[in-house]
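A closer look at the structure
What follows is the residue order along each chain.
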Amino acid sequence: MELNEVERSGEEEEEAGGAHHQRRRRQGGSPSGRTEKKQITVRALLFAHARELAGGVSEVSLHIDDGWTTAQCLENILTRFPALKSLASCLTLALNDNYVDKNAPPMLVKDGDELALIPPISGG
């Protein structure tokens, strides 16, 4: 594997001493070597029977790490409101007003997204 110019110059600086922290900052890591995840906020909306099972809560703000999926958001909500687990298999999710296909891979959520949990609705 060949090193690109940025990696070469970083290694040369590191060999010269004291440049390890500068190189880490260029790579987006912290001086301690830990990569900090960006926090995002996703707004979850609960409708009808889902809202009732959540004790009347109609909106939940999820403060999560960037890179989460719709499935991870749902799991987070089910953990917060265990009574919702009875609906988990029949909930329909909508991300930003678009239905989420249950058979497709989970979709990534972004900061400011809106995730709706829609239970089966009957009536006439």
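Up top you'll find the structure we're talking about.
Quick look at the structure, then. (Residues numbered from 1 in each chain as written. Predicted model: local features only at pLDDT ≥ 70, side-chain atom pairs only at ≥ 80, totals over all residues. Heavy atoms only, no water.)

Further remarks concern the overall build of the protein chain. Within the protein chain, the secondary structure is distributed over four helices and five strands. Looking at the protein chain as a whole, 28% of its 124 residues are labelled buried. Only carbon and sulfur atoms are counted for the fraction: they give 50% of the accessible area of the protein chain, which is about 8,300 Å². (Helix = DSSP H or I, 4+ residues; strand = E, 2+ residues; numbered from the N terminus. Buried < 20%, exposed > 50% of the residue type's maximum accessible area, 1.4 Å probe, protein only. Areas by Shrake-Rupley, 256 points an atom, 1.4 Å probe, with all protein chains shown as cover.)

Okay, unusual backbone geometry next. Phi is positive for Asn 96, which is not a glycine, with a value near 55 degrees. Under the relative-accessibility criterion, Asn 96 is labelled partly exposed at 32%. Despite not being glycine, Asp 97 has its phi angle at roughly 70 degrees, a positive value. As for its position among the elements, Asp 97 is in the loop between strand S3 (92-95) and strand S4 (98-99). By relative accessible area, which is 69% here, Asp 97 ends up exposed.

The complete set of buried residues in helix H4 (residues 70-80) reads Thr 70, Cys 73, Leu 74, Ile 77 and Leu 78. When H4 is viewed along its axis, its buried side chains cluster within an angular range of 135 degrees and face the same direction. Here the buried face of H4 lies against strand S1 (39-46), strand S2 (59-65), S3 and strand S5 (114-118). (Arc of directions from axis to C-beta. Contact = heavy atoms within 4.5 Å.)

Let's shift gears to the sheet that holds S4. The five strands are arranged S2-S1-S5-S3-S4 in an open sheet whose pairing can be described as mixed. Every interior strand has two partners, whereas the edge strands, S2 and S4, have only one. By the bridge criterion, four bridges tie S3 to S5 in an arrangement that is antiparallel. Residue pairing for S5: Thr 92 is matched across the bridge by Ile 118. Those strands touched by H4 are S1, S2, S3 and S5, and its axis lies near 120 degrees from that of S2. (Pairing = 2+ DSSP bridges. Axes fitted to C-alpha atoms, helices over the stretch in contact; angles between N-to-C directions.)

So, about the pairing of S3. Along any regular strand the residues' side chains alternate between the sheet's two faces. Pairing between S3 and S4: two bridges, direction antiparallel. Opposite Ala 94, over in S4, you have Tyr 99 as the bridge partner. Counting the residues in the hairpin turn of S3 and S4 gives two residues, including Asn 96, whose phi is positive at 55 degrees.

A few words on the pattern of salt bridges. Enumeration according to the criterion identifies two salt bridges in this entry. The salt bridge partner of Glu 59 is Arg 43, with a shortest N-O separation of 3.6 Å. Taken together, the residues Glu 59 in strand S2 and Arg 43 in strand S1 connect sequence positions 16 residues apart. Residue class for Arg 43 comes out partly exposed when judged on its relative accessible area of 36%. In this structure, the salt-bridge partner of Arg 43 is Glu 114, at a minimum N-O distance of 2.8 Å. A residue pair is termed long-range when its members are at least 10 positions apart, and Arg 43 in strand S1 and Glu 114 in strand S5 qualify at 71 residues. (Salt bridge = Lys/Arg side-chain N within 4 Å of Asp/Glu carboxyl O.)

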